[in-house]
Amino acid sequence: MEWDYLAGILHYLVPLPVVLPLFAAGVKLAMGIRRPRFQQWLSVIALTLVLLIGAALMVGADMFGPQAVQVGGWETPVGITLVADRLSALLVTVSAAITLAVLIYSIGQGMAGKGEVAPLSVYQPTYLILVAGVSNAFLAGDLFNLYVGFEILLTASYVLLTLGGTQSRMRAGAIYVVVSLVSSVLFLIGIALVFGATGTVNMAQLGERLPEISSELALVLQVILLVAFGIKAAVFPLAAWLPDSYPTAPAPVTAVFAGLLTKVGVYAIIRTQTLFFPGEQLNDALMWVALATMILGILGAVAQTDIKRLLSFTLISHIGYMVFGVALGSQLGMAGAVYYIAHHITVQTTLFLVTGLIERRGGSTALDHLGGLAKMAPLLAILFFIPAMNLGGIPPLSGFLGKVGLMQAGVDAGTPLAYTLVGASVLTSLLTLYVIARVWNYAFWRTPSEGMVAEPGTILEDTEEEDDSTAALGPGEAVGPSSRLSDTSTAATPVVTSVVLPRSMVGATIGLVAFGLAMTVFAGPLIGYSSDAATDLLERTPYIEAVLGGSR
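Residues numbered from 1 in each chain as written. Predicted model: local features only at pLDDT ≥ 70, side-chain atom pairs only at ≥ 80, totals over all residues. Heavy atoms only, no water.

1. Details of the overall build of the protein chain
The helix and strand inventory of the protein chain stands at 22 helices and 4 strands. Scored against the burial criterion, the 552 residues of the protein chain give a buried share of 60%. In the protein chain, once contacts between residues fewer than 6 apart in sequence are set aside, the share between residues at least 24 apart is 82%. Working note: accessible area of the protein chain is about 20100 Å², and carbon and sulfur atoms make up 67% of it. (Helix = DSSP H or I, 4+ residues; strand = E, 2+ residues; numbered from the N terminus. Buried < 20%, exposed > 50% of the residue type's maximum accessible area, 1.4 Å probe, protein only. Contact = heavy atoms within 4.5 Å. Areas by Shrake-Rupley, 256 points an atom, 1.4 Å probe, with all protein chains shown as cover.)

2. Details of the side chain of Thr520
Looking at the secondary structure, you find Thr520 in helix α20 (residues 503-521). Setting aside chain neighbours within four positions, we find Thr520 in contact with Pro396, Leu397 and Ser398.

3. Overview of the packing of helix α14 (residues 331-362) against helix α17 (residues 398-413)
At a closest axis distance of 8 Å, the pairing of α14 and α17 adopts a crossing angle of 160°. By the angle between their directions, the pair α14 and α17 is classed as roughly antiparallel. By crossing handedness, the relation of α14 to α17 is classed as left-handed. Here Leu332, Gly333, Gly336, Ala337, Tyr339, Tyr340 and His343 of α14 come into contact with α17, specifically with Ser398, Gly399, Leu401, Gly402, Lys403, Gly405, Leu406, Gln408, Ala409 and Asp412. (Axes fitted to C-alpha atoms, helices over the stretch in contact; angles between N-to-C directions. Parallel < 35°, antiparallel > 145°, perpendicular 65-115°, else oblique. Left-handed = near helix turned anticlockwise from the far one by under 90°.)

4. Remarks on empty space enclosed by the protein
Gaps left between atoms are located by rolling a probe of water-molecule size over the structure's atoms. Going through the model one piece at a time under the given rule, you end up with 4 cavities of 30 Å³ or more. As a volume, the second largest cavity reaches approximately 130 Å³. Lining the second largest cavity are 14 residues, and of these Leu154, Tyr176, Ser180, Lys232 and Trp241 sit closest to its centre. Elements that contribute at least two residues to the lining of the second largest cavity include exactly α6 (143-161), α7 (167-198), α9 (215-233) and α11 (251-275). Among the residues making up the lining of the second largest cavity, the classes are represented as 10 nonpolar, 3 polar and 1 charged. (1 Å grid on protein atoms, 1.4 Å probe; cavity = no way out; pocket = protein on both sides within 12 Å on 5 of 7 lines; lining within 4 Å. Points joined across faces, edges and corners; volume = space filled by probe spheres on them. Nonpolar A, V, L, I, M, F, W, Y, C, P; charged D, E, K, R; others polar.)

5. A short note on the packing of helix α4 (residues 86-109) against α20
Following both chains from N to C, one finds α4 and α20 inclined at 160°, their axes separated by 7 Å at the closest point. It follows that α4 is roughly antiparallel to α20 by the angle criterion. In this structure, α4 crosses over α20, and the sense of that crossing is left-handed. Of α20, the residues touching α4 (which contributes Val94, Ala97, Ile98, Ala101, Ile104, Tyr105, Ile107, Gly108 and Gln109) are Ser504, Met505, Ala508, Thr509, Leu512, Phe515 and Met519. When the residues that make up the contact of α4 with α20 are grouped by side-chain class, the tally is 12 nonpolar, 4 polar and no charged.

6. Some remarks on the side chain of Thr126
With respect to the helices and strands, Thr126 occurs in helix α5 (residues 120-139). Leave out the neighbours within four places in its chain, and Thr126 touches Ala156, Val159 and Leu160.

7. Thoughts on a nonpolar patch on the surface
On the surface, Trp41, Ile45, Leu49 and Leu52 cluster together into a nonpolar patch covering about 430 Å² of accessible area. One can find Trp41 in helix α3 (residues 36-64). Trp41 gets classed as exposed once you look at its relative accessible area, which sits at 53%. (Patch = residues over 30% accessible without salt bridge, like charges linked within 9 Å, V, L, I, M, F, W, Y side chains within 5 Å. Salt bridge = Lys/Arg side-chain N within 4 Å of Asp/Glu carboxyl O.)

8. As for the environment of Val59
Here Val59 lies in helix α3. With relative accessibility at 46%, the residue Val59 sits in the partly exposed group. Along the backbone, Val59 and Leu90 are 31 residues apart, and their C-alpha atoms lie at a distance of 9.5 Å.

9. So, the pattern of salt bridges
Pairs can form between side chains of opposite charge once their charged atoms are near each other. Taken as a whole, this structure holds 4 salt bridges when the rule is applied. With a closest N to O distance of 2.8 Å, Arg271 and Asp85 form a salt bridge. Taken together, the residues span a long stretch of sequence, with Arg271 in helix α11 and Asp85 in the loop between β2 (80-84) and α4 at a distance of 186 residues. The pair formed by Arg271 and Asp85 is uniform in burial state, with each residue classed as buried. Put simply, Asp62, Arg86 and Asp536 are held in one network by salt bridges that share partners.

10. Regarding the packing of aromatic side chains
One pass over the full model with this rule turns up 17 aromatic pairs. When the centroid spacing of 5.9 Å and the interplanar angle of 85° are considered together, the rings of Phe150 and Phe187 count as edge-to-face. Here the residue Phe150 occupies a position in helix α6, and Phe187 occupies one in helix α7, the gap between them amounting to 37 residues. Taking relative accessible area as the criterion, Phe150 reaches 2% and is therefore assigned buried. One Lys or Arg, Lys232, reaches over the ring of Phe150 and ends 4.7 Å from the middle of that ring. (Phe/Tyr/Trp six-rings, centres within 6.5 Å; stacked < 30°, edge-to-face > 60°. Lys NZ or Arg CZ within 6 Å of the ring centre and 35° of its normal.)

11. What about the nonpolar core?
Core analysis: the largest hydrophobic core is formed by 178 residues, its most contacted members being Leu143, Leu146, Phe187 and Phe384. The element contributing the most residues to this core is α14, with 16 residues. Residues within four places of Phe187 in sequence aside, it is in contact with Leu143, Leu146, Tyr147, Phe150, Leu225, Ala228 and Phe229. (Core = buried A, V, L, I, M, F, W, Y, C linked by side-chain atoms within 4.5 Å.)

12. Points about the confidence of the model for the protein chain
Across the protein chain, the average pLDDT comes to 83, with 86% of residues at 70 or higher. Considering only residues more than four positions removed or in separate chains, one finds that residues 111-118, a stretch of pLDDT under 50, has 26 contacts. (pLDDT = per-residue confidence, 0-100.)

13. Things to note about α9
Along an α-helix, residues three or four positions apart point the same way, because every turn accommodates 3.6 residues. With 19 residues, α9 should cover 27 Å at 1.5 Å per step; its first-to-last C-alpha distance of 26 Å lies within 8% of that length. Along α9, the positions that sit buried rather than exposed are Ala218, Leu221, Gln222, Ile224, Leu225, Leu226, Ala228, Phe229, Gly230, Ile231, Lys232 and Ala233. In the core, the buried residues of α9 are packed alongside α6, α7, α11, α12 (283-302) and α13 (307-328). Downstream of α9 by one or two residues, Ala234 has phi in the positive range, about 65°. (Expected span 1.5 Å × (residues − 1).)

Laid out in structure tokens, this is it:
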């Protein structure tokens with residue numbers, strides 16, 4: 001009886017990761033700019049509750065199986081279905097942890113409540129709507145609701161990406177809007193075709209009906225959905241938009257975009273590939289995509305001289321690891337992909353937050369204008385070093401464990417293409433270490449020459465007009481301290497270099513570094529959880545039974 005009671009309670013928790021951020025955003029919009037301290041605490045409390053609820057859903061999905069809710073009491077497939085299985089509960093929890101940390105970081109930076117152009121009344125409600133959209137996408141039990149989740153988070157991301165209205169941000173925002181609209185239109189076309197072929201958009205019903213349609217039609221539907229989700233996930237050759245879009249945004253926005261938004265696309269690929277299109281019809285094509293994404297992404301990172309753009313290219317390359325696990329189609333490969341997603345969300349977000357601290361302390365993110373940070377800011381050096389080594393796959397950190405799991409799955413597959421991907425994985429990891437070591441040597445280890453690093457109190461801004469020096473660096477890259485001097489009338493919220501970094505910014509970054517290390521300390525249970533999630537995904541039955549039950 002006690003277990004049944006707990007399972008019943010968990011059933012009602014499923015919609016809350018979507019409802020709570022939306023409710024908090026509504027309250028904040030109604031309050032406007034009044035009582036800013038209360039509004040900050042409201043945002044923090046809302047995301048803390050989402051984190052706790054996500055953890056409870058993880059435990060519930062592990063103990064009782066997937067939890068499905070028909071919103072409004074409408075039966076499947078008429079109503080909106082939300083489903084928390086092992087995979088979606090894990091991603092809701094990890095996304096809640098990183099969005100909470102980024103919110104605290106942004107409050108310290110002054111974006112929330114003190115910025116003239118990014119006031120509390122705009123930034124935090126939009127940010128909470130973004131979180132609700134991400135949660136809705138992870139929990140969606142039908143294709144159209146997944147589309148709605150994408151549109152919620154994308155609409156919010158348009159606002160966050162263009163905060164400040166500088167030329168570089170508006171240009172990046174325009175690129176991002178066009179690419180996202182193309183992806184959304186493709187997704188909507190795919191939904192229409194799927195409904196026309198099966199008469200439903202409910203994912204559980206599609207899991208039963210799509211395998212019964214002709215293989216030619218199924219292939220067309222699969223390709224359309226893969227292209228739509230591939231744009232969102234930034235896989236090759238659909239990733240050219242990312243390096244010029246993400247680095248121009250403020251540090252907290254870039255961090256949550258880079259760490260989280262592309263993984264929503266990867267999640268959609270995993271969900272649709274396993275539930276709708278079981279088998280190996282496009283597995284080889286996905287492996288080639290994974291190979292190109294890994295190699296070309298990391299080669300792009302090697303060519304960069306700005307930390308933000310360098311990390312953007314490493315983000316693309318490491319998406320290839322996740323696609324590799326999906327393409328293998330095995331339980332071991334899928335488990336490696338699930339674990340690596342959780343790891344990469346955390347580590348990539350952490351590195352972008354550290355980059356924001358580097359810019360605040362050193363005055364730039366361009367490697368040519370940094371040096372000596374290990375001596376000037378030892379704590380900052382540690383905060384960079386740990387997640388950087390994790391991204392590079394140094395044992396025994398979680399990045400190493402995830403890559404080893406994926407490589408083992410590739411070796412077990414035993415095909416020439418799988419072995420090629422294993423070799424590419426090793427090469428990508430080594431080149432990741434190379435670019436991370438280059439950042440360390442330039443920004444932290446070398447002795448800076450006189451005037452190289454911005455003095456404390458320098459006001460940084462995004463320049464509105466590119467001169468010869470900025471054009472040489474490329475879109476979105478930082479410039480040297482000499483070109484950073486400005487008055488406080490800049491269109492964006494000014495960032496001022498400082499010897500003493502804001503405590504909440506440093507504290508949030510330390511929290512994410514600790515969260516990443518926890519994935520190493522508790523790697524055994526987390527790998528076991530990922531393995532069980534992979535088993536559920538490939539079996540498909542637990543998900544379908546939880547949603548349809550006796551209504552079939």
